[in-house]
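Given next are the chains, with one letter for each unit.
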Amino acid sequence: MKSLLEQPAPTAPADHLTLRRGAARVLIDNWTGSSTVPSRTLYPHQWSWDSAFIAIGLRHFSVRRAQQELESLLAGQWADGRLPHIVFNPRVPYGAYFPSPDFWQSSQAGRAGGAPASPETSGIVQPPVHALAAWLVHCSDPAESDRRGFLSRMYPGLTAWHDYLLTRRRLADGGLAAVIHPWEPGMDNSPCWDRPLARVEPADAFRRADLANGNPADRPTDLDYGRYVRLAATYRAANYDDRTANHRFAVEDPAFNALLVTSELALARIAAHLGRSPEPHTERAAQLTRTVVDRLWDDKSGLFRARDLVDDTLIDERSVAGLVPLIIPGLPTDLVNTLVETLNGPGFRAPATDLVPSYDLTGPSFDPKRYWRGPAWFNTAWLIERGLRTHGRHEDARRLSRAVVTEAGRSGFAEYIDPATGEARGARNFSWTAALALDLLHTDKDTSHD
C-alpha cells in the first residue's frame, strides 16, 4: 500500500494529486486488517453504512480491499437478514466506545434472530447502501470480481438484507421500511427526531465514551443520549424481535428508503450479471418509488419528509434526508425540478462552502456545530451529487463535486463542517470523507454510472 502514495496520476492537477494521496493515507491508516474504522478515536469499530461508502472509495486503489470491506461486514449478518449497524472488533476494550458489546448482548439477546456467536454486533441497522457499493466495486474491475466470485457470494446476503427491511421492518400496511431508533437512519441527532423522541423516557444511568474524544458542543445532549440508550435497551429486552417490540420510535425516513430503492436497482444489475432475472428487483424498486412519493412527498415544503408511524403524520422539519431521494432514477420530473429548486434555495444553499447543510439553514433548530442539526456532511453531498447526475443536472453536480473535494481537503478530511464557515467539526481523518472525496477525484466518471 505504500506505493499507492507514490503513484502518479498524470491527468490530475497538482492539488488533486495532493488530495488523492491525503485521502489514501487516511484510508490506509484507518485499516484494521479486515475492515476500516470511521475514526481511530471516536469510532473504533466497523460501522455499516460507513463501510459501504468506504468501499466506494477504496475501489479506486485496491479492489481487493474494497471487496474485503463489504465481505467483513456481511460476516456479522444475522440469520433473519439484518445487517447490524456495528460489527465490534474484539481487540478494542469495552471502555473505548459506548454502547459496547456488553450492552447489546447480541449473541444472547439476538439468538432468536440468528445473531452470530462471533463477532458481537449491535442489534439495530443503518441505511442500505451496500448493494450499490457492491455493484460499483465490481464495476471497477469486473474480471477480478468474477475471478473471486465476489458478486455471487454477496448476492444472497444482500437479498436477505433487503427482504428483512421489507418484511420485518414494514410496520405500516402498504408502507415503507421503518427505522426504530435515531441511529438507524444515520442522521442520529436530526431535529426531525425531536418530536418522536419526546415520547421516550431517557435512561438515567449510562456512560458516554464519545465525550472523551469529541467536543461536547458537537455531540448530542445528555438528554437525547439518554433517550437513545432507553430505546436500544427496550429493543434488547424484546430480544430484537420487530414483531413483538413496542416501538415508541417508529419512522419512515425518506433517505433510508431512497437508498433502498437505489440498492434494489443495483441488485437487479447484480442479478442480471449472475444470469438471474432482474425483474423482482426492478419491480420492487418501482413499487417503492411510488410509495416513497405517495407517503413522504410534501409539495408545500418542496422536499420529502419523514413520517412518524406512531401518529401517522409527516414530521414538520426540513432536513437533508428530504433531498437524498434525488438519487432515485424513476423520480417524477416535476419532483426533481422542485427538489433542485429547494437545494438551490435559501434553506439548503450555503454559498461559503457550496455544501448542503444537514438541516434547513432558516429552520428553528438550526445549529451549525451540533451533530446533524445543521453541519454539512460529505456522504449526503456525495449522494445528492450522484442524484443530480442521474437526472442530468450536470452543472449543479459539478459544483457540488468541487465543493466536496475542496472542503474535504481544507478540513483535514473532517467528519463534517460548519456549512457557513467551513470550520472542521467532529472527528478528523474521517474515513468516508476521504473515500468519497477520492471517488469524486477519480477521473473516469463513467464507472460510477454503471
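Residues numbered from 1 in each chain as written. Predicted model: local features only at pLDDT ≥ 70, side-chain atom pairs only at ≥ 80, totals over all residues. Heavy atoms only, no water.

Engineer: Describe in detail the overall build of the chain, supporting the description with residues and values.
Structural biologist: Regarding its fold elements, the chain presents 17 helices and 10 strands. Against the compact-globule benchmark of 22 Å for 450 residues, the chain has a radius of gyration of 20 Å, which places it among compact chains. Its C-alpha atoms give the chain principal-axis dimensions of about 55 × 50 × 50 Å. Looking at the chain residue by residue over its 450 residues, the buried ones come to 64%. For the chain, long-range pairs separated by at least 24 residues make up 70% of all intrachain contacts whose partners lie at least 6 apart in sequence. Side chains of the chain carry 50 positive and 54 negative charges; the gap between the two charge centres is 4 Å. (Helix = DSSP H or I, 4+ residues; strand = E, 2+ residues; numbered from the N terminus. Rg over C-alpha atoms; globule rule 2.2 N^0.38 Å. Buried < 20%, exposed > 50% of the residue type's maximum accessible area, 1.4 Å probe, protein only. Contact = heavy atoms within 4.5 Å. Lys, Arg positive; Asp, Glu negative; His and termini not counted. Charge placed at Lys NZ, Arg CZ, Asp CG, Glu CD.)

Engineer: Report on the sheet that holds strand β3 (residues 251-252), specifying residues and quantitative values.
Structural biologist: With antiparallel pairing, the 3 strands of this open sheet are ordered in space as β3-β6-β7. Only two strands of the sheet have a single partner each, and these edge strands are β3 and β7 (313-314). When strand β6 (residues 307-308) meets β7, the two strands line up antiparallel, connected through 2 bridges. Each residue of the ladder has a partner; that of Asp308, found in β7, is Thr313. (Pairing = 2+ DSSP bridges.)

Engineer: So, helix α6 (residues 130-140): which residues are in play, and what are the values?
Structural biologist: Among the 11 residues of α6, 10 are classified as buried, and the element is accordingly described as predominantly covered. Listing the buried residues of α6 in full gives His130, Ala131, Leu132, Ala133, Ala134, Trp135, Leu136, Val137, His138 and Cys139. Turning to α6, the residues buried within the fold contact α2 (48-58), α3 (63-74), α7 (142-148), α8 (150-167), α12 (254-273) and α15 (378-390).

Engineer: How would you explain the nonpolar core if you had to name every residue and give the values?
Structural biologist: The biggest cluster of nonpolar side chains holds 140 residues, and the ones touching the most others in it are Phe53, Phe304, Leu355, Trp382 and Ile384. In terms of residue count, α12 provides more of this core than any other element does, 10 residues in total. Excluding residues within four positions of it along the chain, Ile384 makes contact with Val320, Leu323, Val324, Leu326, Leu343, Val356 and Leu400. (Core = buried A, V, L, I, M, F, W, Y, C linked by side-chain atoms within 4.5 Å.)

Engineer: Could you give an account of the pattern of salt bridges, with specific residues and numbers?
Structural biologist: Tallied over the full model, the rule gives 32 salt bridges. Between Arg399 and Asp354 there is a salt bridge, and its shortest N-O distance comes to 3.6 Å. In this pair, Arg399 is assigned in helix α16 (residues 394-410) and Asp354 in the loop between α14 (333-343) and β8 (376-377), connecting sequence segments 45 residues apart. Each of Asp80, Arg82, Arg169, Glu184 and Asp242 takes part in one network of salt bridges that share partners. (Salt bridge = Lys/Arg side-chain N within 4 Å of Asp/Glu carboxyl O.)

Engineer: Now, about the environment of Arg208: what can you tell me, with residues and values included?
Structural biologist: Relative to the helices and strands, Arg208 is located in the loop between α9 (194-197) and α10 (210-213). Each C-alpha atom of the pair Arg208 and Ala96 lies 9.8 Å from the other, and the pair is 112 residues apart in sequence. A polar contact of 2.8 Å, which involves the side chain of Arg208, links it to the side chain of Asp210. Within polar-contact distance, the side chain of Arg208 engages the side chain of Asp222 at 2.9 Å. (Polar contact = N/O pair within 3.5 Å; in protein donor to acceptor, adjacent residues only side chain to side chain.)

Engineer: Report on the sheet that holds strand β10 (residues 424-425), specifying residues and quantitative values.
Structural biologist: Ordered by their spatial adjacency, 3 strands build an open sheet running β8-β9-β10, and the pairing between neighbours is antiparallel. Whereas interior strands pair on both sides, the edge strands pair on one side only; in this sheet they are β8 and β10. Pairing geometry for strand β9 (residues 416-417) and β10, over 2 bridges, is antiparallel. Its bridge partner lying in β10, Ile417 is registered against Ala424.

Engineer: Can you tell me about the packing of aromatic side chains, naming the residues and giving the values?
Structural biologist: One pass over the full model with this rule turns up 25 aromatic pairs. Members of the aromatic cluster, each reached through a chain of ring pairs, are Tyr43, Trp47, Trp49, Phe53, Tyr97, Tyr371, Trp372, Trp377, Trp382, Tyr416, Phe430 and Trp432. Note that Arg65 overlies the ring of Trp31, its terminal NZ or CZ placed 4.2 Å from the centroid. Geometry around Tyr371 places Arg219 over its ring, the cationic atom sitting 4.5 Å from the centre. (Phe/Tyr/Trp six-rings, centres within 6.5 Å; stacked < 30°, edge-to-face > 60°. Lys NZ or Arg CZ within 6 Å of the ring centre and 35° of its normal.)

Engineer: Any chance you could break down the environment of Ala177 for me, citing the residues and the numbers?
Structural biologist: Assignment of secondary structure puts Ala177 in the loop between α8 and α9. In contact with Ala177, not counting residues within four places along its chain, are Leu165, Arg169, Val251, Glu252, Phe256, Asn257 and Leu260.

Engineer: Before we move on, can you summarise unusual backbone geometry with the specific residues and values?
Structural biologist: Here the amide bond leading from Phe98 into Pro99 is cis, since omega sits at 0°, within 30 degrees of zero. Structurally, the position occupied by Pro99 is in the loop between β2 (86-87) and α4 (101-104). Residue Pro119 is reached from Ser118 by a cis peptide bond, and omega for that bond is 5°. Despite not being glycine, Trp372 has its phi angle at roughly 65°, a positive value.

Engineer: Lay out the confidence of the model for the chain in plain terms, naming residues and giving numbers.
Structural biologist: Overall, the predicted model of the chain reaches an average pLDDT of 94, with 95% of residues at or above 70. Below a pLDDT of 50 lies the segment residues 1-12, which in the model reaches 21 contacts outside its immediate sequence neighbourhood of four places, other chains included. (pLDDT = per-residue confidence, 0-100.)

Engineer: Could you give an account of the packing of α8 against helix α13 (residues 279-296), with specific residues and numbers?
Structural biologist: Where α8 contacts α13, the two axes come as close as 13 Å, and the packing angle between them is 30°. By the angle between their axes, α8 is roughly parallel relative to α13. Note on packing geometry: the crossing formed by α8 with α13 is left-handed. When α8 is examined against α13, the residues Tyr155, Thr159, His162, Asp163 and Leu166 are found in contact with a partner set consisting of His281, Arg284 and Leu288. Tallied by class, the residues present in the contact of α8 with α13 amount to 3 nonpolar, 3 polar and 2 charged. (Axes fitted to C-alpha atoms, helices over the stretch in contact; angles between N-to-C directions. Parallel < 35°, antiparallel > 145°, perpendicular 65-115°, else oblique. Left-handed = near helix turned anticlockwise from the far one by under 90°. Nonpolar A, V, L, I, M, F, W, Y, C, P; charged D, E, K, R; others polar.)

Engineer: Summarise α2; cite the residues concerned and give the values.
Structural biologist: Burial runs high along α2: 11 of the 11 residues are buried. Listing the buried residues of α2 in full gives Ser48, Trp49, Asp50, Ser51, Ala52, Phe53, Ile54, Ala55, Ile56, Gly57 and Leu58.

Engineer: I'd love a proper account of the environment of Leu132, names of residues and values included.
Structural biologist: For Leu132, the position within the fold is in helix α6. Here the alpha-carbon distance between Leu132 and Asp294, two residues 162 residues apart in the chain, equals 24 Å. Setting aside chain neighbours within four positions, we find Leu132 in contact with Thr262, Ser263, Ala266, Trp382 and Arg386.

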